[in-house]
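# Summary of structural features
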2 protein chains.
Amino acid sequence: MKKPEEQFLDYLARKRLKNTSQRMTILKAFLRQKSHLSTEDFYLQLRKKHPGIGYATVHRTLKLFSECGIASERNFGDGQMRFEVNLGNEHHDHLVCTDCGRIIEFEDQQIEKLQRDIAHKHNFFIKDHRLELYGLCSDCHATGQQSVS
Amino acid sequence: MKKPEEQFLDYLARKRLKNTSQRMTILKAFLRQKSHLSTEDFYLQLRKKHPGIGYATVHRTLKLFSECGIASERNFGDGQMRFEVNLGNEHHDHLVCTDCGRIIEFEDQQIEKLQRDIAHKHNFFIKDHRLELYGLCSDCHATGQQSVS
DNA sequence: CACGATATTGAAAACGGTTTTCAACCTATA
DNA sequence: TATAGGTTGAAAACCGTTTTCAATATCGTG
Ligand SMILES: [Mn+2]
Ligand SMILES: [Mn+2]
Ligand SMILES: [Zn+2]
Ligand SMILES: [Zn+2]
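Residues numbered from 1 in each chain as written. Chains lettered and ligands numbered in written order. Predicted model: local features only at pLDDT ≥ 70, side-chain atom pairs only at ≥ 80, totals over all residues. Heavy atoms only, no water.

### Side note on the sheet that holds strand 6 (residues 125–136) of chain A
Pairing is mixed in the open sheet, where six strands are placed in the order 5(A)-4(A)-6(A)-6(B)-4(B)-5(B). In this open sheet, the two edge strands, each paired with only one partner strand, are strand 5 (103–106) of chain A together with strand 5 (103–106) of chain B. Taken pair by pair, the neighbouring strands of this sheet meet at an average axis angle of 20 degrees, ignoring direction. Where strand 4 (residues 93–97) of chain B lies against strand 6 (residues 125–136) of chain B, four bridges are found, and the strand directions are parallel. Bridge pairing in strand 6 of chain B links B:Cys97 to B:Gly135. (Pairing = 2+ DSSP bridges. Helix = DSSP H or I, 4+ residues; strand = E, 2+ residues; numbered from the N terminus. Axes fitted to C-alpha atoms, helices over the stretch in contact; angles between N-to-C directions.)

### Considerations on the domain arrangement of chain A
Residue and element names in this part refer to chain A. By domain assignment, chain A separates into domain 1 (1–89) and domain 2 (91–149). Relative placement of domain 1 and domain 2: their C-alpha centres are 24 Å apart. The partner domain 2 presents nine residues to the seven residues of domain 1 that form the contact. Carbon and sulfur atoms make up 49% of the surface buried where domain 1 meets domain 2, a total of about 640 Å² over both sides. (Domains from an automatic or database assignment. Contact = heavy atoms within 4.5 Å. Buried area = accessible area lost by both parts, 1.4 Å probe.)

### Looking at the coordination of the manganese ion (ligand 2)
All names here are of chain B. Taken together, the protein donors to the manganese ion (ligand 2) comprise His-36 (NE2), Glu-84 (OE), Glu-84 (OE), His-92 (NE2), His-94 (NE2) and Glu-105 (OE), at separations of 2.1 to 2.5 Å. Classification of the site at the manganese ion (ligand 2) as irregular follows from its six donor atoms and the range of 54 to 171 degrees in their angles at the metal. The motif formed by the donor residues of the manganese ion (ligand 2), counted along the single chain, is H-x47-E-x7-H-x1-H-x10-E. With His-36 in the loop between helix 2 (21–32) and strand 1 (37–38) and His-92 in the loop between strand 3 (81–85) and strand 4, this pair connects stretches of sequence that are 56 residues apart. His-92 carries the same exposure label as His-36, and that label is buried. (Donors = N, O, S within 2.8 Å, 3.2 Å for Na, K, Ca; no water. Tetrahedral: all angles 85-135°; square planar, octahedral: opposite > 155°, others 65-115°. Buried < 20%, exposed > 50% of the residue type's maximum accessible area, 1.4 Å probe, protein only.)

### Brief notes about the pattern of salt bridges
Residue and element names in this part refer to chain A. Scanning the entire structure with this criterion turns up 16 salt bridges over all chains. As a salt-bridge pair, Lys-63 and Glu-73 come within 3.7 Å of each other at their nearest N and O atoms. On the criterion of sequence distance, the pair formed by Lys-63 in helix 4 (residues 55–68) and Glu-73 in strand 2 (residues 71–75) is long-range, its members being ten residues apart. Classification of Glu-73 as partly exposed rests on a relative accessible area of 34%. (Salt bridge = Lys/Arg side-chain N within 4 Å of Asp/Glu carboxyl O.)

### Thoughts on the protein's contact with DNA strand D
Around DNA strand D sit 22 residues, and of these A:Thr20, A:Arg23, A:Thr57, B:His59 and B:Met81 come closest. For DNA strand D, the fraction of protein-proximal atoms (within 4 Å) that sit in sugar or phosphate groups is 72%. Taking A:Lys18, its main chain carries an N or O atom lying 2.9 Å from a phosphate oxygen of DNA strand D. Measuring from a phosphate oxygen of DNA strand D, one finds a side-chain N or O atom of B:Lys63 at 3.4 Å. Every element with two or more residues in the surface near DNA strand D is listed here: helix 2 (21–32) and helix 4 of chain A together with helix 4 (55–68) of chain B. When residues in the surface near DNA strand D are grouped by element, the largest group, five residues, is from helix 4 of chain B. Residue composition of the surface near DNA strand D, by class: six nonpolar, nine polar and seven charged. (Near = heavy atom within 4 Å. Polar contact = N/O pair within 3.5 Å; in protein donor to acceptor, adjacent residues only side chain to side chain. Nonpolar A, V, L, I, M, F, W, Y, C, P; charged D, E, K, R; others polar.)

### Side note on the interface of chain B and chain A
On the chain A side, the residues contacting the 33 residues of chain B number 33 residues. Counting the surface lost from both chain B and chain A, the interface buries some 3100 Å², and carbon and sulfur atoms represent 67% of this. Here chain B and chain A share two salt bridges between them. One salt bridge in this structure joins B:Glu132 and A:Arg130, with 3.9 Å as the shortest N-O distance. In this structure, the connection of chain B to chain A is made through twelve residue pairs in polar contact (both at pLDDT 80 or more). Among the secondary structure elements, those contributing two or more residues to the side of chain B that touches chain A are strand 4, strand 5, helix 5 (109–121), strand 6 and helix 6 (138–142) of chain B. Residue contributions to the side of chain B that touches chain A peak at twelve residues, all from strand 6 of chain B. Classifying every residue of the side of chain B that touches chain A by side-chain character gives 16 nonpolar, eleven polar and six charged. With eleven bridges connecting them, strand 6 of chain A and strand 6 of chain B associate as antiparallel partners. Note that in strand 6 of chain B the partner of A:Leu136 across the bridge is B:Phe125.

Structure follows, in structure tokens:
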């Protein structure tokens, strides 16, 4: 597995795109951030240290990360696109706490197998899938209460 | 299981909402339509026979259907909200053809069980989940070609 | 039935996240 | 350094969803 930095630079070269200071700044920040951040949240974080970089550039660069394979776009149904770093290339799915927003990742080979079985049964060619479990994480469940809103 | 019409009328009564001709027209049309239609598509269909009914009313009424339990909102990641009639109350998941838009429904108790196991393992309380398999349906796969776009 | 309180309607505007536009600017190459 | 062409940030456009608002309809009550 190539390092993310390398993978991104290779992609830029391949597509005759340019290596700019903004792109490198965003890349470093992105690799350091916790994952599953929305574009907006990531931008707000970044802006603290790099107030000169515009939202549009952040947005475009995150899309580049996704195109070159070092990031994945996620959509947890709250109307915001989220991005996460691809560590290795293992697939995983998510538990999403609807109270505190916590995201827990999981992988289950049995489920993946059963999905392939279903697709096969319908003569369906799977290109991608998404499995998300929504509910309350251990912290939010423990109290027996959802946060007062 | 109560009939959808009845369930909707009960809901209106319970919430002290009014039984209007628009709502009844939309209800009848909705129960007749094929499921998984976007608000826009449903509205365009409806407008052919009932040009007087506005988009806002359609939108609001579909939300009412969802609230009273006779419909479910779906989001297949194309940026459009979709609605489907709840036949009975059985849960199901979807195969989504990314080429022709065909939706195939399925239900798999093994997967549901494994999901509960995962939630339990993380001490997570599941309120809802979504599982969608994206790819090519048998028709679109058979040709070996995606449609020329 | 008529009244009046209250809910509903359709058109248009507002909303919110995403994407594009554009003129100034930068990068890579020679 | 000169040039071609990609990049940038701000602002505007976009697009599906939701709200606003004045006119209208519903429905319990007299
Ligand atoms: Mn993840
Ligand atoms: Mn369905
Ligand atoms: Zn939580
Ligand atoms: Zn298809």
